[in-house]
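# Per-entry structural report
Residues per chain, in single letters:
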Amino acid sequence: IVPRPIGWIATASSSGDTNLAPYSFFNAVCGYPPTFVFAPAKSARRDTLANCRDTGVFTVNIVSEETAYAMNATAASVDAGIDEIELAGLTAVAGSTIAPLIAEAKANFECKVTQLVEVGPPAGGNVVVFGEATAIHVNEDLLDGTRIDQSELAAVGRHAGNWYSHGSDLFELARPQ
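Residues numbered from 1 in each chain as written. Predicted model: local features only at pLDDT ≥ 70, side-chain atom pairs only at ≥ 80, totals over all residues. Heavy atoms only, no water.

Next up on the list: the pairing of strand β5 (residues 34-38). The element β5 is largely enclosed, with a buried count of four among its five residues. By the bridge criterion, five bridges tie strand β4 (residues 26-31) to β5 in an arrangement that is antiparallel. Counterpart to A28 in the pairing with β5 is F36. Linking β4 to β5, which pair antiparallel, is a turn of two residues. Both β5 and strand β10 (residues 126-138) contribute to a ladder of four bridges, which runs antiparallel. In the sheet register, F38 faces β10, and the bridge partner there is V129. (Buried < 20%, exposed > 50% of the residue type's maximum accessible area, 1.4 Å probe, protein only. Helix = DSSP H or I, 4+ residues; strand = E, 2+ residues; numbered from the N terminus. Pairing = 2+ DSSP bridges.)

Below you can see the structure in the form of structure tokens.
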């Protein structure tokens with residue numbers, strides 16, 4: 001399934017240690033209320049799943065062409081306690097929860113965890129994290145009325161291996177009435 005959207009998920013532990021990791025097993029699954037899912041591996045060395053369980057919150061930060069290299073830097077498996085935000089040269093911004101927003105992202109969603117669903121065998125598989133948006137942040141210059149200018153957002157999609165795609169190669173199809 002390509003391209004896959006990338007959920008750049010930021011979390012923090014209850015003691016305030018931050019974590020940032022990209023997930024291409026990610027999507028929006030409901031418009032009202034705005035609800036997102038991502039699926040970290042049960043066996044991952046990342047802190048994302050543990051932090052979601054611990055604090056019940058996360059942020060989704062949209063990856064654009066301008067932040068693609070920083071996103072890639074946060075994809076490496078690093079030891080617990082390493083601040084991927086600092087490692088990638090990014091700026092953490094406080095939101096209304098303990099989970100940070102990434103200042104360089106053009107759009108961010110603050111989410112509360114609503115459900116955790118285990119998928120696959122107990123020794124492997126993933127946990128699907130459902131989160132409902134409690135706050136939405138979008139750069140003002142992206143707004144075209146009530147819609148986001150997709151060309152200006154310049155979102156990036158994930159393919160297999162080391163391949164990504166630009167989300168700015170757009171074409172229009174009128175929806176049937």
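This part is about the nonpolar core. Counting residues in hydrophobic clusters, the biggest one holds 19 residues, and the most contacted among them are F36, F38, F58, V60 and C111. Only β3 (18-23), β5, α1 (48-55), β6 (57-62), β9 (107-119) and β10 provide two or more residues apiece to this core. Residue contacts for V60: discarding those within four places in its chain leaves G7, W8, I9, F26, F36, A107, N108, F109 and C111. Listed in part, the 14 residues of the second largest apolar core include I6, W8, L20 and V63. (Core = buried A, V, L, I, M, F, W, Y, C linked by side-chain atoms within 4.5 Å. Contact = heavy atoms within 4.5 Å.)

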